Amino acid sequence: MDVQWEDQQKINEYSKLDNRLTDYELEIKSLNERKEDLDDLEMELELADEDDELMYKVGDCFVLLKQEEIMPRLESDKDKLSDQIASLETKQSDMSKRMEELKAYLYGKFGRDSINLERK
Amino acid sequence: MKLEFPDYRNPRGIPQAPFIDSVDDLCKDIEDASELVSELQQLFQKYQLMQAATTQRSRGLESKIPDLRKSLESVEFLMQQKSQFKTRYELNDTVYATAVVDPVDTVWLWLGANVMLEYPISEAETLLKTKLEDATSGLEKCTEDLEFLRENITTVEVNTARVINWRVTKSKHGIK
């Protein structure tokens, strides 16, 4: 059976989304790791002496700051990360929905013997 | 033999590859499809060339973005500091020294091409923000282009395979 243009477009779209999904998964994973690091950091920081000056990294250099100055920075960094993760996850679930639609269509058209759309 | 291109171009002007619905129709008047095959192969190479160039540009932007983020972070930090603060800064690779920094209202930005310019700190912030936005949106466009190019490469590959199959079937029949 010849593949028609509309079907080829759907196959292309599926493959594009599949690639994008892999990228997003990696990005979400690395953001989550970063967030865990910040959580650990927060715990450690609570144990630190209030009057100690700690070296906090800003850009490429370390700035000596007190615990009370670091905390709000840490919170705002964490909020930014959470927002980023949430927005990526929304995109991810939208894409998964579209992929399911395409999958149903393409399997219906070509049958499971002629086309394979399972993730490795 | 000329492939007919569809009108669609993506926002950066990359043309969409033609899709051959039926090789039979396209080749009904010709004896030898090798011209068509070489035309498709040329098209394939063009797309691959664009893909290589775009990949390189996207890598460049990918490495630029974290640097811009760090610069912006530092400038924003300086803006917030209303009193003296102490820092361990990198004097050279792996060498750190301590410095006491007074509040500042200007910073120097390295613009590239051996030029460094002094900016009021809020202007520096705006400039860095704009640069970061440009780089981020540039990267998004690159990614879009790469996806579009990949789709077209697939289309051209499908076309080529079809024409070659068609030629093989035809020559078999010719022998019979």
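All residue numbers refer to positions counted from 1 along the written sequence of the respective chain. Naming scheme: in the order in which they are written, chains are lettered from A and ligands are numbered from 1. Thresholds applied to this predicted model are a pLDDT of at least 70 for local features of residues and 80 or more for the giving and counting of side-chain atom pairs; totals over whole chains, interfaces and linings are not thresholded and use all residues. Only hydrogens and water are set aside when side-chain values are computed; all heavy atoms of the structure are taken into account.

1. Structural notes on the overall build of chain B
Link 1 in the chain: Only DSSP runs of H or I covering at least 4 residues are called helices, and only runs of E covering at least 2 are called strands; the numbering of each starts at the N terminus. Of regular secondary structure, chain B possesses 3 helices and 4 strands.
Link 2 in the chain: The size measure is the radius of gyration over C-alpha atoms, and the globule rule it meets is 2.2 Å times the number of residues to the 0.38 power. For chain B, whose C-alpha radius of gyration is 28 Å, the value lies well above the compact-globule estimate of 16 Å for 176 residues.
Link 3 in the chain: Taken along the three principal axes of its C-alpha coordinates, chain B extends 90 × 35 × 25 Å.
Link 4 in the chain: Only protein chains enter the accessibility calculation, which uses a 1.4 Å probe; a residue is then buried when its area is under 20% of its type maximum, exposed when over 50%, and partly exposed in between. Within the span of chain B, comprising 176 residues, buried residues form 32% of the whole.
Link 5 in the chain: When contacts within chain B are restricted to residue pairs at least 6 apart in sequence, those whose partners lie at least 24 apart make up 62%.
Link 6 in the chain: When the accessible surface of chain B is summed, it comes to about 11400 Å², and 52% of that surface belongs to carbon and sulfur atoms.
Link 7 in the chain: Of the charged side chains in chain B, 22 are positive and 29 negative; the average position of the first set lies 4 Å away from that of the second. Any two residues whose heavy atoms approach within 4.5 Å at even a single point are treated as in contact. Every accessible area reported is derived by Shrake-Rupley at a probe size of 1.4 Å, with residue values counting cover from the shown protein chains alone. Asp and Glu are treated as the negative residues and Lys and Arg as the positive ones, with His and the ends of the chain left uncounted. To locate a charge, the coordinates of NZ of Lys, CZ of Arg, CG of Asp or CD of Glu are taken.

2. A closer look at the overall build of chain A
Link 1 in the chain: Secondary structure summary: chain A contains 2 helices and 2 strands in total.
Link 2 in the chain: The helix and strand sequence of chain A, counted from the amino end, reads α-β-β-α.
Link 3 in the chain: By the compact-globule yardstick of 14 Å for 120 residues, chain A is too spread out, its C-alpha radius of gyration being 23 Å.
Link 4 in the chain: Across the 120 residues in chain A, those meeting the buried criterion constitute 30%.
Link 5 in the chain: Contacts in chain A between residues far apart in sequence, at least 24 positions, make up 63% of those at least 6 positions apart.
Link 6 in the chain: Accessible surface for chain A amounts to roughly 7800 Å². Of this, 46% is attributable to carbon and sulfur atoms.
Link 7 in the chain: Distance from the positive charge centre (19 side chains) to the negative charge centre (34 side chains) of chain A: 9 Å.

3. Observations concerning the side chain of Gln-16 of chain B
Link 1 in the chain: Here Gln-16 of chain B is to be found in the segment before α1 (23-26).
Link 2 in the chain: For Gln-16 of chain B, a relative accessible area of 13% corresponds to the buried category.
Link 3 in the chain: The residues contacting Gln-16 of chain B, other than those within four sequence positions of it, are Trp-5 and Gln-9 of chain A together with Phe-5, Pro-6, Tyr-8, Tyr-47, Phe-148 and Asn-152 of chain B.

4. Thoughts on the UniProt feature "coiled-coil region" (unreviewed entry) in chain A
Link 1 in the chain: UniProt positions are given in the numbering used here, feature names are shortened, and annotations may be inferred rather than shown by experiment. In the numbering used here, UniProt assigns the "coiled-coil region" (unreviewed entry) feature to residues 14-98 of chain A.
Link 2 in the chain: Along residues 14-98 of chain A, the helical share is 78% and the strand share 14%, with 8 Å between the first and last C-alpha atoms.

5. Considerations on the pattern of salt bridges
Residues and elements named next belong to chain A.
Link 1 in the chain: Each reported salt bridge corresponds to a side-chain nitrogen of Lys or Arg within 4 Å of a carboxyl oxygen of Asp or Glu. If you walk through the whole model with that rule in mind, you get 14 salt bridges over all chains.
Link 2 in the chain: In this structure, Arg-112 and Glu-118 form a salt bridge, with 4.0 Å as the shortest nitrogen-oxygen distance.
Link 3 in the chain: The structure contains a network of salt bridges with shared partners spanning Glu-100, Lys-103, Arg-112 and Glu-118.

6. Observations regarding the interface of chain B and chain A
Link 1 in the chain: Each side of the interface is counted separately: chain B has 23 residues, and chain A has 24 residues.
Link 2 in the chain: For this analysis, a polar contact is any N or O atom pair within 3.5 Å, provided that within protein one partner can donate a hydrogen and the other can accept it, and provided that sequence-adjacent residues contribute only side-chain to side-chain pairs. Our count for the chain B to chain A interface comes out at 9 residue pairs in polar contact (both at pLDDT 80 or more).
Link 3 in the chain: Broken down by secondary-structure element, the contributors of at least two residues to the side of chain B that touches chain A are α2 (34-80), β1 (85-92) and α3 (121-175) of chain B.
Link 4 in the chain: One bridge is not enough; two strands pair if DSSP finds at least two bridges between them. In terms of strand pairing, strand β2 (residues 61-66) of chain A meets β1 of chain B through 2 bridges, oriented antiparallel. Its bridge partner being in β1 of chain B, Val-63 of chain A is matched across the sheet by Thr-87 of chain B.

7. Remarks on a negative patch on the surface
Link 1 in the chain: Residues Asp-49, Glu-50, Asp-51, Asp-52, Glu-53, Glu-68 and Glu-69 of chain A make up a contiguous surface patch of negative charge.
Link 2 in the chain: Position of Glu-50 of chain A relative to the elements: it lies in the loop between α1 (5-47) and β1 (53-58). Nonpolar side chains (Val, Leu, Ile, Met, Phe, Trp, Tyr) are joined into patches within 5 Å and like charges within 9 Å, using only residues with over 30% relative accessible area and no salt bridge.

8. What about a nonpolar patch on the surface?
Link 1 in the chain: Among the surface-exposed residues, Trp-108, Trp-110 and Met-116 of chain B lie close enough to one another that they form a single nonpolar patch of about 400 Å² accessible area.
Link 2 in the chain: One can find Trp-110 of chain B in strand β3 (residues 106-112).

9. Considerations on the UniProt feature "coiled-coil region" (unreviewed entry) in chain B
Link 1 in the chain: In the numbering adopted here, UniProt assigns the feature "coiled-coil region" (unreviewed entry) to residues 23-50 and 132-159 of chain B.
Link 2 in the chain: From the first C-alpha to the last, residues 132-159 of chain B spans 41 Å; its make-up is 100% helix and 0% strand.

10. Focus: the pairing of β3 of chain B
All names here are of chain B.
Link 1 in the chain: As defined by bridge partners, β3 adjoins strand β4 (residues 115-120) across 6 bridges and the pair is classed as antiparallel. Bridged to Gly-112 within β4 is Val-115.
Link 2 in the chain: Counting the residues that bridge the hairpin from β3 to β4 gives 2 residues, and of these Ala-113 lies at a positive phi of roughly 50 degrees.

11. Thoughts on unusual backbone geometry
Residue and element names in this part refer to chain B.
Link 1 in the chain: The backbone of Ala-113 shows a phi angle near 50 degrees, a positive value even though the residue is not glycine.
Link 2 in the chain: With respect to the helices, strands and loops of the structure, Ala-113 is situated in the loop between β3 and β4.
Link 3 in the chain: The exposed category is assigned to Ala-113, whose relative accessible area is 75%.
Link 4 in the chain: Of note in the backbone geometry, Asn-114 takes a positive phi value of approximately 60 degrees without being a glycine.

12. Structural notes on the environment of Ser-76 of chain A
Link 1 in the chain: Locating Ser-76 of chain A in the fold gives a position in helix α2 (residues 67-110).
Link 2 in the chain: For the pair Ser-76 of chain A and Lys-35 of chain A, spaced 41 residues apart in the sequence, the C-alpha separation amounts to 12 Å.

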